[in-house]
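# Geometric and topological summary
This is what each chain is made of:
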Amino acid sequence: ATPTAVMVATGKGASQGVLIKGGHALEKAHKVKATIFDKTGTLTVGKPSVVQTKIFSKITLLEMCDFAAAAEANSEHPLSRAIVDYAKALHQQYGLSNNDFSTLETKDFEVHTGAGVSTKIGTRSVLVGNKKLMHLFHIPIQHEIEEFVSDAEQLARTCVLVAIDGKICGAFAISDPLKPEAGLVVSFLKEMGILSIMVTGDNWATARAIAREVGIEMVFAEIDPAGKAAKIKELQKKGMSVAMVGDGINDSPALAAADVGLAIGAGTDVAIEAADIVLMRSNLGDVITAIDLSRKTLDRIR
Ligand code: ADP
Ligand code: MG
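Residues numbered from 1 in each chain as written. Chains lettered and ligands numbered in written order. Predicted model: local features only at pLDDT ≥ 70, side-chain atom pairs only at ≥ 80, totals over all residues.

## Observations concerning the sheet that holds strand S4 (residues 106–112)
Reading across the sheet, the six strands line up as S3-S8-S7-S6-S5-S4 and stay open at both edges, with antiparallel pairing between neighbours. Across the chains shown, the open sheet's two edge strands, defined by having one partner strand only, are strand S3 (49–55) and S4. Taken pair by pair, the neighbouring strands of this sheet meet at an average axis angle of 15°, ignoring direction. Of the strand pairs in this sheet, strand S5 (residues 116–121) and strand S6 (residues 124–129) are connected by six bridges, and their pairing is antiparallel. Each residue of the ladder has a partner; that of Ser-118, found in S6, is Leu-127. (Pairing = 2+ DSSP bridges. Helix = DSSP H or I, 4+ residues; strand = E, 2+ residues; numbered from the N terminus. Axes fitted to C-alpha atoms, helices over the stretch in contact; angles between N-to-C directions.)

And the structure:
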C-alpha cells in the first residue's frame, strides 16, 4: 500500500478505536486465513465467578473458603479473584467482618502456571488449583471428586480443587460467560473465509464446551504460554497466515509470533506492547473491523 493509503486506513481505524501500528500490520491482516482466539478474557468476559461449591471432607464451607481465599489473595489471576470475592460474600452472609481470611498468614506462596497455587498457612499446607496441580503434588483424587470435576466441565465451568495437608477437602465450580458478540464474530469470520481456532490453558472438557457454544470447531487446550506461540508457528509452517487475538501476559509470546497480533485494549500492557493492532473498545467485532479495513485498503490498490 502507498504511504497515503496506509495513513488513511490507520486514521479510519483510530476513529473506531482500532489502533494499527503501521503499514506492515495492515498488509499482513489482508492475508489472514485463520484467527486464533485466547479463551479467558478474550472470548469470555474474563470476570469469572463461583457458581457452585462442594465439600468432600469434615470441614465447613467457611473454613474451606477461608483457606482457599487466603492462598488466592496472593494472586492476580481472574480465578483467584473469583474465589476471594466468593469468600468475602460468604463472610457477609454470616455477618462476619469482610475479609477475616486475610488474617490467615501465608508462607512459601508459589504460583504453578496453568495449574494453580500452593502455600503454607500456619502448619497446614494448602493447594488451590486443577487436577494437574494435584498430580504435581501426588494428591489422590477420589472417584466422587473426579465426577464433580467432569460434571462442572461439561457445563463449561472451570473446577478449582482445594487440598489441605495432602487431602482434597472441597471444590469451586467457576463460570466465565461468553462475550455477547463472540458467536456472531466467529460466524462472520467464517463467511469471510477465515477459520476460527481457540487456544487455552484451561482443560479440554471446559474448552470444548465453550468452543461448542461459540461455534469454533478447532480447539487446543491445556496449553502453556510457550505452547500457544508454538501452535501458531505450526500453522504458519503449513503456509497459513494467522492472526492471534489475546488479552493476557500469557498471550504475549503468541501475539508476537502471529502474522498479526491483536490485543484487547482492556488487556494487560504486556499484551498491548506485543501486538500489531490494539482493539481499544475491547469488542471482538473490531477483529472484523481491522481485517475489513486492511482488505478494503489493499484491494483498492490492486
Ligand atoms: P487461560 O489460557 O484460559 O487464560 P491459564 O493458563 O491462566 O488459562 O490457566 C489455566 C488453568 O490453570 C486454569 O483454568 C486453572 O484450572 C488453573 N489455574 C491457573 N491459575 C490458577 C489459580 N490462581 N488458582 C486456581 N487455578 C488456577
Ligand atoms: Mg486470557
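## Re the site of ligand 1
Taken together, 21 residues form the shell around ligand 1, and within it Thr-40, His-77, Gly-116, Asn-130 and Gly-201 come nearest. Breaking the shell around ligand 1 down by element, the ones donating at least two residues are helix H3 (39–43), helix H5 (78–93), S5, S6 and strand S7 (158–164). Each residue belonging to the shell around ligand 1 can be placed in one class, and the counts come to five nonpolar, 13 polar and three charged. When residues are assigned to domains, the shell around ligand 1 turns out to be shared by domain 1 (3–45 + 178–301) and domain 2 (49–175), each giving three or more. (Near = placed C-beta within 6 Å. Nonpolar A, V, L, I, M, F, W, Y, C, P; charged D, E, K, R; others polar. Domains from an automatic or database assignment.)

## Overview of the pairing of S5
Summarising the sheet, S4 and S5 pair through five bridges and their orientation is antiparallel. Looking at the pairing, Val-111 lines up with Val-117 of S5. Hairpin geometry of S4 and S5 is characterised by an intervening segment of three residues between the two adjacent antiparallel strands and by a positive phi of about 70° at Gly-114. Hairpin connection from S5 to S6: two residues lie between these consecutive antiparallel strands, with Gly-122 at a positive phi of about 60°.

## A look at the confidence of the model for the protein chain
Residues with a pLDDT of 70 or more make up 98% of the protein chain, whose mean pLDDT is 94. For this predicted complex, the interface score ipTM comes out at 0.94, while the overall pTM is 0.86. (pLDDT = per-residue confidence, 0-100.)

## Quick word on the packing of helix H4 (residues 61–72) against H5
Look at H4 against H5: their axes get within 9 Å of each other, and the N-to-C directions meet at 140°. Considering their axes alone, H4 and H5 lie oblique with respect to each other. In this structure, H4 crosses over H5, and the sense of that crossing is left-handed. For the pair H4 and H5, the contacting residues are Leu-62, Cys-65, Asp-66, Ala-68, Ala-69 and Glu-72 in the first and Ser-80, Ile-83, Val-84, Tyr-86, Ala-87 and Leu-90 in the second. Residue composition of the contact of H4 with H5, grouped by class: nine nonpolar, one polar and two charged. (Parallel < 35°, antiparallel > 145°, perpendicular 65-115°, else oblique. Left-handed = near helix turned anticlockwise from the far one by under 90°. Contact = placed C-beta atoms within 7 Å.)

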